[in-house]
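Per-entry structural report
Spelled out, the chains give:
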Amino acid sequence: MTGFLDLPPMLRAHGVIRLPGSKSISNRCLLLAALAQGETQIHDLLASDDVDRMLDALTALGVTWRREDESGRFVVHGVGGCFPVKKADLFLGNAGTAFRPLTAALALSAGEYRLSGVPRMHERPIGDLVDGLLQIGADVRYEGRAGFPPLHVLPARIEGRRPIRVRGDVSSQFLTALLMALPLTGEEATIEVVGELISKPYVAITLNLMARFGVSVRQEGWRRFVIPSASRYRSPGALHVEGDASSASYFLAAGAIGGGPVRVEGVGAHSIQGDIRFAESLRELGARICMGENWVEASAPETGKLRAFDLDLNAIPDAAMTLAVAALFADGPCRLRNIASWRVKETDRIAAMATELRKVGAEVEEGEDSLAVTPPAVFRPAAIDTYDDHRIAMCFSLVSLGCRVRINDPACVNKTFPGYFDSLGKIVEPVPVIAIDGPSASGKGTVAALVARALGYHYLDSGALYRVLALAAMRAGIALEDEAGLAQLAESLPVRFDEGRIWLDGDEVTDAIREEICSTGASRVAAVPVVRAALLERQRDFRRRPGLVAEGRDMGSVVFPDAQCKIFLTASAEIRAQRRAKQLIDKGIAANMRDLLRDLMDRDARDAARPVAPLKKLDDAHLLDTTGFGVEEAVAFVLDEVRSSLNAPR
Ligand code: DC
């Protein structure tokens, strides 16, 4: 695993996204252009790991291609038949769209080739394709476990006229691979599908692209396919790769869950990709969908909430994963059926999705070829494991429309969509946070509470957490030097904030934590790094719709570094000591100005000098010195800053 990405909770989603090119179309086009006669210009080719694997393989096989410009225009010089390089060792990562079709094309290329991939690729079945190739005389051997890559391909006499029977119920890519390779034999070839063909729309993409390269397959339903004799691929000249309809699913779902409208550009009503039908599934969930020639747009249902669903998703297995996450936002239990192919994809997606959906609070029932998802009553923030599976990373990013979420190994999206999280950032609007930091008794507590009330936002008094912790430690007899003891206490601190009142384990401590002993204790426990770490997530959980005003010392620097508005509120030490004295006297507690001033300055010095989260004004914080200000003026100043920050362009 390499790193993680924390997504804050999102308020809504709206905007326009230009989609990257389709992976399925990109890799098919590259192979067909390579085998064709003539030069093919490919526009909008996807830039991603899987496409790079195909490009590398084509280079190794003697195909020349070049990238024309930054816009993704490629020129491929077709070799007009079998690959000219007759011996090669190919590493294809985890790219099924490269591995399967190349296996078939190389088996018919009269050369000696090795094909291997990442360990997961070696767990993904390929036996049905190899069986099909053996039926026409190809010599393909397993280097490891029978039925799985890596493969060793040897030259053989191909008898193309024999009909090939191939199973269609494990992966449609086996059929796709045979269809694309068989024209290399020059003879009439027949393929008969055994069992129910899954993911038919992907086979439709294959047939559509083969036709554009001059080979028309005679089709008898989804059972029998005949490639006429003397079929040869010829370059169509230029070709545009449609936007990726599977990638579109994340943005469309974001629009359906997060208000919308979200528009994706690059696919539309006449797309050749099956996953365009995802938009229709969303419509069945109540989402409002509009479609044009080259765009699709999704908005939330009139009622605001998606409807529970029970759908057969065999035709759109990839986009269906997005529906599994959308189910978290539905108004009742949902069922995804006929998705057995999930088990042989980048990971066992049925098992992985079930595990990760449970982490955020859903109840999930895992069937052999289905998934039942009951949405959580309350979303639970979680760290999502992604199993080196780009689609898990992308679909779980939508959880952020319910609560904050951590995506582990986010770079796995590079398989098909390197800029995914940047694109997502353009259409989602995080729940706003107003961070108000400053020294003790600067008045930030009073100001923050009033600002929160004026905006109708939630309010976090983070100092109170450190105060409660100090009090709880003293009550439990935990020494303030006992860092491990304090951290453990902080992890499970039974504190509750309720309408301005604070409870510790059922005991109201609103006033008790304001006493000087708690002030001093808080300042000491707050200097312990493990304590700060233990309280971090608890503070982040206060960020809920419609927004949060958070006050403390490190709200803008550590807890909410992405806060939309940051204020540093201060006043002279003398004024602050006077304010604190007045507070104490109002509560009937004796106050000595000299002692108070000294304590305050000691505390400021400690808060500013500690190595973790020291108190300081950030460059991006607005300074507000309230020495000569009343509360109302301070609140008005903050509200002004908030308005201009929230209206600033993102
Ligand atoms: O704001 P306050 O006086 O209630 O804070 C009590 C102590 O907790 C103070 O010494 C600083 C510390 N604190 C902190 O270190 N980080 C925060 N975010 C809030 C308070």
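Structural notes, computed from the coordinates. Just so you know, these numbers come straight off a predicted model, no measurement behind them.

A short note on the sheet that holds strand β8 (residues 139–142)
The strand order across the open sheet built from four strands is β6-β7-β9-β8, with neighbouring strands paired in mixed fashion. Where the open sheet ends on each side, the last strands, each with one partner, are β6 (87–91) and β8. Sheet twist, expressed as the average angle between the axes of neighbouring strands with direction ignored, equals 15°. Of the pairings in the sheet, the one linking β6 to strand β7 (residues 112–116) comprises five bridges and is parallel in character. Looking at β7, one finds that Leu90 is bridged to Leu115. Helix α4 (residues 127–135) contacts β8 and β9 (151–154) of the sheet and is inclined by roughly 150° relative to β8.

Focus on the sheet that holds strand β25 (residues 433–437)
Pairing within the open sheet is parallel, and its five strands lie in the order β26-β30-β25-β31-β32. Unpaired on one side and paired on the other, β26 (458–461) and β32 (622–625) mark the two borders of the sheet. Neighbouring strand axes in the sheet, compared pairwise and without regard to direction, differ in orientation by 20° on average. One ladder, built from four bridges, connects β25 with strand β31 (residues 565–570); its direction is parallel. Residue pairing for β31: Ile436 is matched across the bridge by Ile567. Packed onto the sheet, helix α13 (residues 444–455) meets β25, β26, β30 (548–552) and β31 and runs at close to 175° relative to β30.

A word on empty space enclosed by the protein
One pass over the structure, following the stated rule, counts three cavities of 30 Å³ or more. Taken as a whole, the largest cavity spans an internal volume of roughly 400 Å³. Lining of the largest cavity is provided by 34 residues; of these, Thr97, Gln173, Tyr202, Asp318 and Lys345 occupy positions nearest its centre. The element contributing the most residues to the lining of the largest cavity is helix α3 (residues 96–107), with four residues. Its residues assigned to classes, the lining of the largest cavity shows seven nonpolar, 14 polar and 13 charged. Here the second largest cavity is characterised by a volume of approximately 60 Å³. When residues of the lining of the second largest cavity are traced back to their parent elements, those giving at least two are β25, α18 (555–559) and β31. For the lining of the second largest cavity, the leading source of residues is β31, giving three residues. The residue makeup of the lining of the second largest cavity, split by class, is six nonpolar, two polar and five charged.

Looking at the layout of surface pockets
Reported here for the second largest pocket is a volume of approximately 460 Å³. Lining the second largest pocket are 27 residues, and of these Pro20, Gly21, Asp44, Leu45 and Leu46 lie nearest its centre. The set of elements that each furnish at least two residues to the lining of the second largest pocket consists of α2 (49–60) and β4 (64–69). Tallied by class, residues from the lining of the second largest pocket come to eleven nonpolar, ten polar and six charged.

Describing the packing of α2 against α3
Where α2 contacts α3, the two axes come as close as 8 Å, and the packing angle between them is 30°. Here α2 contributes Asp50, Met54 and Ala57 to the contact with α3, which in turn contributes Thr97, Ala98 and Leu102. A per-class count over the contact of α2 with α3 returns four nonpolar, one polar and one charged.

Concerning the packing of aromatic side chains
Evaluation of the coordinates by the stated rule reveals nine aromatic pairs. Ring centres of Trp65 and Phe74 lie 5.8 Å apart, and the angle between their planes is 40°; this geometry places the pair in the tilted category. Aromatic rings pair up to connect Tyr250, Phe251, Phe417, Tyr420 and Phe421 into one cluster. The ring of Trp295 carries the charged tip of Arg263 above its face, separated from the ring centre by 3.7 Å.

Structural notes on the site of the ligand
Taken together, 17 residues lie around the ligand, and Ser462, Arg467, Arg532, Asp554 and Arg610 are the ones closest in. Between the ligand and Asp554 there is a distance of 2.9 Å, counted from a nitrogen atom to a side-chain nitrogen or oxygen. Relative to its free-state accessible area of 440 Å², the ligand is covered by the protein chains to the extent of 98%. Secondary-structure elements contributing two or more residues to the shell around the ligand are α14 (462–476), α16 (516–525) and α20 (593–609). It is α14 that contributes the most residues to the shell around the ligand, four residues altogether.

Notes on the pattern of salt bridges
Summed over all chains, the structure comprises 48 salt bridges. The salt bridge involving Lys359 is made with Asp385; its shortest N-O contact spans 3.0 Å. Here the residue Lys359 occupies a position in helix α10 (residues 349–359), and Asp385 occupies one in the loop between β22 (382–384) and α11 (390–396), the gap between them amounting to 26 residues. Relative accessible area serves as the criterion here: at 31%, Asp385 is assigned to the partly exposed category. The shortest N-O distance in the salt bridge between Asp604 and Arg576 comes to 2.7 Å. Of the two residues, Asp604 sits in helix α20 while Arg576 sits in helix α19 (residues 573–586), which places them 28 residues apart along the sequence. Looking at Asp604, the relative accessible area reads 14%, which means it is buried. You can call Arg576 buried: its relative accessible area is 5%.

Digging into the side chain of Lys23
Its location among the elements puts Lys23 in helix α1 (residues 23–35). Discounting residues that sit within four places of it in the chain, Lys23 has contacts with Leu46, Asp50, Thr97, Asp244, Glu346, His390, Lys415 and Thr416.

Comments concerning the state of the cysteines
For the coordinates displayed, the defined rule picks out zero disulfides. The closest cysteine sulfur to the non-disulfide-bonded Cys334 is located on Cys395, 14 Å from its own sulfur. On the basis of relative accessible area, Cys334 is assigned to the buried category, the value being 3%.

The rules we used
- Residues numbered from 1 in each chain as written.
- Predicted model: local features only at pLDDT ≥ 70, side-chain atom pairs only at ≥ 80, totals over all residues.
- Heavy atoms only, no water.
- Pairing = 2+ DSSP bridges.
- Helix = DSSP H or I, 4+ residues; strand = E, 2+ residues; numbered from the N terminus.
- Axes fitted to C-alpha atoms, helices over the stretch in contact; angles between N-to-C directions.
- Contact = heavy atoms within 4.5 Å.
- 1 Å grid on protein atoms, 1.4 Å probe; cavity = no way out; pocket = protein on both sides within 12 Å on 5 of 7 lines; lining within 4 Å.
- Points joined across faces, edges and corners; volume = space filled by probe spheres on them.
- Nonpolar A, V, L, I, M, F, W, Y, C, P; charged D, E, K, R; others polar.
- Phe/Tyr/Trp six-rings, centres within 6.5 Å; stacked < 30°, edge-to-face > 60°.
- Lys NZ or Arg CZ within 6 Å of the ring centre and 35° of its normal.
- Near = heavy atom within 4 Å.
- Polar contact = N/O pair within 3.5 Å; in protein donor to acceptor, adjacent residues only side chain to side chain.
- Areas by Shrake-Rupley, 256 points an atom, 1.4 Å probe, with all protein chains shown as cover.
- Salt bridge = Lys/Arg side-chain N within 4 Å of Asp/Glu carboxyl O.
- Buried < 20%, exposed > 50% of the residue type's maximum accessible area, 1.4 Å probe, protein only.
- Disulfide = S-S within 2.5 Å.

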